[in-house]
Amino acid sequence: MIPFVKMHGIGNDFVMLDTLRDGAPQGDLAELSRRMNDRRFGIGGDGLILVERGDSAPFRMRMLNPDGSESEMCGNGVRCFMKLLHEREHTTAPSVPVETGAGVLQLEMLADGQIRVDMGPARLTRGEIGMAGPADERFLEAEIPGFDLPGTAVSMGNPHLVLFVPDVQAVDLETLGPQLERHPLFPARVNVHFVQVVDRGHLIQRTWERGAGITLACGTGACACGVAAFLSGRADRGVQIDLPGGRLTIETLENGNVMMTGPAETVYEGEYLLA
C-alpha cells in the first residue's frame, strides 16, 4: 500500500507522495505515475509529485506527468507542495526554499492561506527554452511553420508556447494542442497556451500541457502568458489570469523574475494498492 494525498491548485490536481513521512516508493516511478494518474483505473491526476529531502535546499519537489515523463517544474504543484509541508508540520516557516528541476524557488505562505512563489527569471532564448534554431535568438511574436498564428516561447524552467487569440473558447484545443506540443521547433515537446486579453490587467488562458493534455490550470504556463503579454505590450507587469479552474496573480518584476500567487487545496488522503 502506498499512502498518498490528493491535492489541487485551481483544478490542476496531483497525487502527492510524502516520502519524508512514508518513505520512497519502490519500483519504476514512470509506471507508477501512469497507473496512479489514470482517471479510470487509478486515482486520477495531472501529475505525481514526490515530497523529498533536498540537496541544495531543505526540501525537493519531483513531478512526473501522467504519461510517465518527468517535468522540470509545476507552478500549481509547487503550491500544493508548500501546503503539504505546513499541514504535515515538516516546517512552520512562512517562507521556505524548495529545490526543483528548474532550480531552487522561494515559497511563501501568506496570511490569507494563498501561496506566493518566486518562480525565478523568465528565460527567452531558444537555447534556454530548448528550441530548434540559433541558441541566442528569442522567439517573440514569431511565425510557427504550418500555423497562421504567431507565437511567443518562454521557459519558466519548462518550455511554453503562448498564442494570443480573440476568443479562447473558439480554439479547437483538442486538435491544435497535440499538434503544437510536438512541433519540430520543440524537440522535447512544449506546453501550449491560448490567451485572450480582456484588458491590460486581465487575461483568460486555456492550456494543453505537455504529457497531460487539456488541464484546468497551469501555473508555470500562467507565468509564461503574463510575461508574453507584457513583452508584447498587451498587458502591464501585474495581471490577473483566469483559467478554467480559477484565478492566479502573476507579476513580471523589473529584474526579470516572475511572482505567482494562488491557492492550494487538500482533497483527501488514502492508500493506493499496488497490485
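In case you missed it, the structure is sitting above this.
Below or above, wherever it landed, is the structure these notes cover. (Residues numbered from 1 in each chain as written. Predicted model: local features only at pLDDT ≥ 70, side-chain atom pairs only at ≥ 80, totals over all residues. Heavy atoms only, no water.)

### Digging into helix α5 (residues 173-181)
Listed in full, the buried residues belonging to α5 are L173, G177, L180 and E181. Buried residues of α5, seen end-on, are gathered within an arc of 100 degrees and therefore sit on one face of the element. Lining the buried residues of α5 we find β11 (159-164), β12 (191-199), β13 (202-209) and β14 (213-215). (Buried < 20%, exposed > 50% of the residue type's maximum accessible area, 1.4 Å probe, protein only. Helix = DSSP H or I, 4+ residues; strand = E, 2+ residues; numbered from the N terminus. Arc of directions from axis to C-beta. Contact = heavy atoms within 4.5 Å.)

### So, the nonpolar core
Counting 52 residues, the largest nonpolar core has M16, F81, M119 and I250 as the members making the most contacts within it. Top contributing element to this core by residue count: helix α6 (residues 219-231), with 7 residues. Dropping the residues within four chain positions of it, M119 is found in contact with M73, G75, L105, M156, T220, C223, V258 and M260. Counting residues in hydrophobic clusters, the runner-up holds 19 residues, among them A142, I144, L161 and L173. (Core = buried A, V, L, I, M, F, W, Y, C linked by side-chain atoms within 4.5 Å.)

### Thoughts on empty space enclosed by the protein
A full pass over the atoms with the stated rule returns 1 cavity of 30 Å³ or more. Taken as a whole, the largest cavity encloses approximately 80 Å³ of empty space. In terms of lining residues, the largest cavity is bounded by 13 residues, among which S71, M73, N158, N191 and E209 are the most central. Here the residues of the lining of the largest cavity sort into 4 nonpolar, 7 polar and 2 charged. (1 Å grid on protein atoms, 1.4 Å probe; cavity = no way out; pocket = protein on both sides within 12 Å on 5 of 7 lines; lining within 4 Å. Points joined across faces, edges and corners; volume = space filled by probe spheres on them. Nonpolar A, V, L, I, M, F, W, Y, C, P; charged D, E, K, R; others polar.)

### Some points on the state of the cysteines
Tallying each qualifying case throughout the model produces 0 disulfides. Here C80 is not cross-linked by a disulfide; its sulfur's nearest cysteine counterpart is in C74, at 7.7 Å. Of all cysteine sulfurs in the structure, the one in C74 sits closest to C218, which takes part in no disulfide; the separation is 6.7 Å. Relative accessible area serves as the criterion here: at 3%, C218 is assigned to the buried category. (Disulfide = S-S within 2.5 Å.)

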